[in-house]
Amino acid sequence: MAMLEVKDLHVHYGVIEALKGINLEVNEGEIVSLIGANGAGKTTMLQSISGIKKKTSGDILFLGESIFKKNPKFIVQKGLTQVPEGRRIFTGLSVYENLMMGAFLRKDKKGIQQDLEKVYAQFPILKERINQDASTLSGGEQQMLAMGRALMAKPKLLLLDEPSMGLAPILVKEIFSIIEEINKQGTTVLLVEQNAKMALSIAHRAYVLETGKVVLSGTGKELAESPEIQKAYLGG
Ligand code: ATP
């Protein structure tokens, strides 16, 4: 059984059909990337899974249970957390306070403390900036904070929306290597990216989305080597 199963998912914005019957699976332990051009429906896909966006029809199963009609709070508590596009960190709050917001729904004080230490080990820069207002962080640091905050919810499945957005190439590499590290430590990852090259390089499997439909899927390697993909997404 897959950890996440999306079945014939249809989603609308008014009369516009943004997702036109999506089928997708994420297995435990995988990094799965979803690539596609602007407006393909990538963000809509993640928001539908995490319960932010209302769905029209189909089904979404997480750990064998339908979350199609569940709210974001239920879904987070079940072990699925999203890092939103554009980070959405809380300005006016410190780095520490932002991280603790991620643990908002947890009551296991000891576990929270342990996970905080793990996040500091993963992102030493956050520990250095612990009392600093989050708005004063650089773009890369803010992405790290958004990821650290999501990890504080102790997710089994982490959804990442455009983690490379607006970052210099060197930071993009660093963020992607941290994603691989998080995955190796036991968190399953579903990733949405415009940077197809990076997204395919770390993906066990990937899906290509075009105007609300999956047009191709395969291993990260297969897709990176596909002439079609190279032409359309890798500038080759
Ligand atoms: P990008 O990388 O540019 O964010 P995307 O692949 O994430 O693109 P979505 O943001 O999911 O694409 O958008 C999918 C489609 O739904 C697009 O045609 C978009 O115009 C439309 N759409 C998205 N949000 C809304 C909204 N709030 N109201 C109306 N249409 C919307």
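Residues numbered from 1 in each chain as written. Predicted model: local features only at pLDDT ≥ 70, side-chain atom pairs only at ≥ 80, totals over all residues. Heavy atoms only, no water.

- You'll find the protein chain entered in an unreviewed UniProt entry as Branched-chain amino acid ABC transporter ATPase, with Faecalicoccus pleomorphus given as the organism.
- Recorded under Sequence similarities (unreviewed entry), the UniProt text for the protein chain is reproduced unchanged: "Belongs to the ABC transporter superfamily." (UniProt positions renumbered as here; feature names shortened; annotations may be inferred.)

Observations regarding the layout of surface pockets
Part 1: Considered as a void within the structure, the largest pocket measures approximately 740 Å³ in volume.
Part 2: Lining the largest pocket are 30 residues; nearest its centre among them are Val76, Thr81, Gln82, Gly102 and Ala153.
Part 3: Elements that contribute at least two residues to the lining of the largest pocket include exactly α1 (42-49), α2 (72-78), β6 (80-83), α3 (95-102) and α6 (139-151).
Part 4: The dominant element in the lining of the largest pocket, judged by the number of residues it contributes, is α2, at 5 residues.
Part 5: When grouped by side-chain class, the residues that make up the lining of the largest pocket number 14 nonpolar, 8 polar and 8 charged.
Part 6: When its volume is computed, the second largest pocket comes out at roughly 270 Å³. (1 Å grid on protein atoms, 1.4 Å probe; cavity = no way out; pocket = protein on both sides within 12 Å on 5 of 7 lines; lining within 4 Å. Points joined across faces, edges and corners; volume = space filled by probe spheres on them. Helix = DSSP H or I, 4+ residues; strand = E, 2+ residues; numbered from the N terminus. Nonpolar A, V, L, I, M, F, W, Y, C, P; charged D, E, K, R; others polar.)

Observations regarding the packing of aromatic side chains
Part 1: Applying the stated criterion to the full structure yields 0 aromatic pairs.
Part 2: Directly above the ring of Tyr13 sits Lys53, whose terminal nitrogen or CZ lies 4.6 Å from the centroid.
Part 3: The side chain of Lys55 reaches across the aromatic face of Phe68, ending 5.8 Å from its centre. (Phe/Tyr/Trp six-rings, centres within 6.5 Å; stacked < 30°, edge-to-face > 60°. Lys NZ or Arg CZ within 6 Å of the ring centre and 35° of its normal.)

Points about the pattern of salt bridges
Part 1: Counted under the stated rule, the structure contains 9 salt bridges.
Part 2: In this structure, Lys7 engages Glu5 in a salt bridge whose closest nitrogen and oxygen atoms are separated by 3.7 Å.
Part 3: Measuring nitrogen to oxygen at the nearest pair gives 3.3 Å for the salt bridge that ties Arg129 to Glu141. Here Arg129, found in the loop between α5 (124-128) and α6, pairs with Glu141, found in helix α6; they are 12 residues apart in sequence, far enough to count as distant.
Part 4: When its relative accessible area of 14% is taken as the criterion, Glu141 is described as buried.
Part 5: Salt bridges linked by common partners bring Arg106, Asp108, Asp115, Lys118 and Lys154 together as one network. (Salt bridge = Lys/Arg side-chain N within 4 Å of Asp/Glu carboxyl O. Buried < 20%, exposed > 50% of the residue type's maximum accessible area, 1.4 Å probe, protein only.)

Concerning the packing of α3 against helix α4 (residues 109-122)
Part 1: One way to put it is that α3 packs onto α4 with a least axis distance of 11 Å and a crossing angle of 125°. Classified by the interaxial angle, the pair formed by α3 and α4 is oblique. As for the relative orientation of α3 and α4, their crossing is right-handed in sense. Every residue of α4 that contacts α3 at Tyr96, Leu99 and Met100 is listed here: Ile112, Leu116, Val119 and Tyr120.
Part 2: Looking at the contact of α3 with α4 residue by residue, the class counts come to 7 nonpolar, no polar and no charged. (Axes fitted to C-alpha atoms, helices over the stretch in contact; angles between N-to-C directions. Parallel < 35°, antiparallel > 145°, perpendicular 65-115°, else oblique. Left-handed = near helix turned anticlockwise from the far one by under 90°. Contact = heavy atoms within 4.5 Å.)

Observations concerning the side chain of Ser48
Part 1: Within the element layout of this structure, Ser48 appears in helix α1.
Part 2: Non-local contacts of Ser48, meaning those with residues more than four positions away in its chain, are made with Leu9, Val11, Leu19, Lys53, Lys55 and Ile60.

Some remarks on the sheet that holds strand β2 (residues 16-26)
Part 1: Spatial strand order, β2-β1-β4-β5: 4 strands in an open sheet with antiparallel pairing. Two strands lie at the open edges of the sheet, namely β2 and β5 (65-66), each paired on one side alone.
Part 2: By the bridge criterion, 5 bridges tie strand β1 (residues 4-13) to strand β4 (residues 57-62) in an arrangement that is antiparallel. What sits directly across from Leu4, in β4, is Phe62.
Part 3: Packed on one face of the sheet, α1 meets β1, β2 and β4 and runs near 115° to β1. (Pairing = 2+ DSSP bridges.)

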